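What follows is the residue order along each chain.
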Amino acid sequence: MDFAYNDEQKEIIRVVRELVEKEIVPYTREMDETGKLHEGLLSKLAAQGLLGVAIPEEFGGIGLDAVTIGAIYEELAKGCAGVATTVAANALASYPVIISGNDDQKKRYFDIINKDSLAAFALTEPGTGSDAGSVSTRAVKTADGKGYMLNGTKCFITNGALAEVFVVFANTRKTGGIRGLTAFIVRKGTPGFTVGKAENKMGIRASNTTELIFQDCYVPKENRLGREGHGFRIAMDTLDAARPFVGAVSVGIAEAAFQACCEYAKVRVQFGKPIASFEMVQSMIADMAMQVAGARLLVQHACWMKDQGMEFSKEAAIAKCNASDVAMNVTTNAVQVMGGYGYIKEYPVEKYMRDAKIMQIYEGTNQIQRLVIANKTLY
Ligand code: COS
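This structure is a prediction, so every number in the text was calculated from the model and none was measured. (Residues numbered from 1 in each chain as written. Predicted model: local features only at pLDDT ≥ 70, side-chain atom pairs only at ≥ 80, totals over all residues. Heavy atoms only, no water.)

## Things to note about the packing of aromatic side chains
With the rule as written, the count across this model stands at eleven aromatic pairs. On the numbers, 5.2 Å between centres and 65° between planes, the contact of phenylalanine 121 with phenylalanine 169 is edge-to-face. Taken as a pair, phenylalanine 121 in strand E1 (residues 118-122) and phenylalanine 169 in strand E4 (residues 163-171) lie far apart in primary sequence, 48 residues in all. Neither phenylalanine 121 nor phenylalanine 169 differs from the other in exposure class; each is buried. On the basis of an interplanar angle of 90° and a centroid distance of 4.9 Å, the ring pair of phenylalanine 166 and phenylalanine 193 is categorised as edge-to-face. Here the residue phenylalanine 166 occupies a position in strand E4, and phenylalanine 193 occupies one in strand E6 (residues 193-198), the gap between them amounting to 27 residues. Each member of the pair, phenylalanine 166 as well as phenylalanine 193, is classed as buried. (Phe/Tyr/Trp six-rings, centres within 6.5 Å; stacked < 30°, edge-to-face > 60°. Helix = DSSP H or I, 4+ residues; strand = E, 2+ residues; numbered from the N terminus. Buried < 20%, exposed > 50% of the residue type's maximum accessible area, 1.4 Å probe, protein only.)

In structure tokens:
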């Protein structure tokens, strides 16, 4: 076991940290208020290759290993979890193509992302959340057999209004169910495809979340990923690959909140002493330190298992569930340590707390993660 980052990883982390300090931190408040990425930020992220971290080198990306990608997302999330979510959701949408795309699809799809454009992963619907197999968007084969007509509505789609290209899950079986789920590549601007309302969220406000509407949207069969009915497997494999990264973003949020409240505790004087000298505060700080360190190791472990080509579904769920629970707990306690100052927008910790909450919900609620962990442990 080697817990140290190598020189290349250290250099990547240094470059990302610099970008975060210069291009993200000065604008976090603005992005939180406007609910948009700072003007020009996307191009700067793209210029550093951050939209292509998961894309194989042969298709123009930088094809990094999962441990390094996790370290990058942790750094981004220390600056702004909304920005980290934008980038991570782009990678989430790359996985179905990495996993099941043919070379032509990979070339077409990744060429779009490599041109500073985002991708989005569209599985969730108003009636389809935890029960991922219940997708009601329909894909009906056209009479000439050359394509499909898509009809339905997706919701809570990260990057919905920003993405140039989408992976959309629809059911090719009239009777629905897991065995009819099929994945398609759909380009922005395809007739019959429109972006619906943008959500006004509690946290990760820099990231864009919208509805997607498909009304007689024709998609050629060349855009189908894998076989008909293979979509559930593609979705599950994708979520397995991406869940440790939700863990990494959670660790970044927790670490940032932890650092902020430690700094505060050292300078906040009550009863004639810094509050950091009081044992009750020290106990909270010690618990936070243990939780963040443990969460980071579990995230790195799941990423490492993926990199080794090992089966890592259970570890991905453990990493995501634990780190997001830790982020919620640490950010809540960071607000507590900072008292009234923690609760106001002059300090960053209230934002960390709002940002942490979604980590327990998206890419599979923590109840679903516990279900996966229990099933993989017991059966
Ligand atoms: N990898 C590969 N295959 C998987 C899998 C995984 N992680 N999880 C399940 N499968 C397979 C099963 O092996 C089974 O295959 P067979 O029918 O050939 O035996 C099939 O998929 C159905 O599995 P299962 O019966 O467990 O499916 P369920 O409908 O009970 O649902 C959960 C499984 C709950 C785990 C799934 O629906 C899920 O992950 N839900 C959360 C969805 C989510 O994360 N949404 C977030 C929005 S997208 S950002």
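## Some details on a nonpolar patch on the surface
Residues Met1, Phe3 and Leu297 make up a contiguous nonpolar surface patch of about 450 Å² in total accessible area. Its location among the elements puts phenylalanine 3 in the segment before helix H1 (7-24). (Patch = residues over 30% accessible without salt bridge, like charges linked within 9 Å, V, L, I, M, F, W, Y side chains within 5 Å. Areas by Shrake-Rupley, 256 points an atom, 1.4 Å probe, with all protein chains shown as cover. Salt bridge = Lys/Arg side-chain N within 4 Å of Asp/Glu carboxyl O.)

## Brief notes about unusual backbone geometry
In this structure, aspartate 116 takes a positive phi of about 60° despite not being glycine. Secondary-structure assignment places aspartate 116 in the loop between helix H6 (103-114) and E1. A positive phi angle, close to 75°, is found at asparagine 159, a residue other than glycine. For asparagine 159, a relative accessible area of 0% corresponds to the buried category.

## Here we look at the site of the ligand
Neighbouring the ligand are 20 residues; Ser130, Arg179, Asp240, Arg243 and Gly364 lie closest to it. In the model, an oxygen atom of the ligand is placed 2.5 Å from a nitrogen or oxygen of the arginine 179 side chain. Glycine 364 places a main-chain nitrogen or oxygen 3.1 Å from an oxygen atom of the ligand. Notes on the ligand: free accessible area 990 Å², of which the protein chains cover 64%. Listing elements by their share of the shell around the ligand, those giving two or more residues are helix H7 (231-267) and helix H11 (366-378). A class-by-class count of the residues in the shell around the ligand yields nine nonpolar, five polar and six charged. Two domains each donate at least three residues to the shell around the ligand, and these are domain 2 (119-229) and domain 3 (233-378). (Near = heavy atom within 4 Å. Polar contact = N/O pair within 3.5 Å; in protein donor to acceptor, adjacent residues only side chain to side chain. Nonpolar A, V, L, I, M, F, W, Y, C, P; charged D, E, K, R; others polar. Domains from an automatic or database assignment.)

## Comments concerning the domain arrangement of the protein chain
Note: interface size is frequently given as the accessible area lost on complex formation between the parts. If you check the domain split of the protein chain, you get domain 1 (7-113), domain 2 (119-229) and domain 3 (233-378). Each partner contributes residues to the interface: domain 1 has 21 residues there, and domain 3 has 29 residues. Where domain 1 abuts domain 3, roughly 2,000 Å² becomes buried across the two surfaces, and 69% of that area is made up of carbon and sulfur atoms. If you sort the residues of domain 1 by the area they bury against domain 3, Glu74, Leu92 and Tyr95 come out on top, with a joint share of 24%. Our count for the contact surface shared by domain 1 and domain 3 stands at two salt bridges. Measuring nitrogen to oxygen at the nearest pair gives 2.7 Å for the salt bridge that ties aspartate 32 to arginine 354. (Contact = heavy atoms within 4.5 Å. Buried area = accessible area lost by both parts, 1.4 Å probe.)

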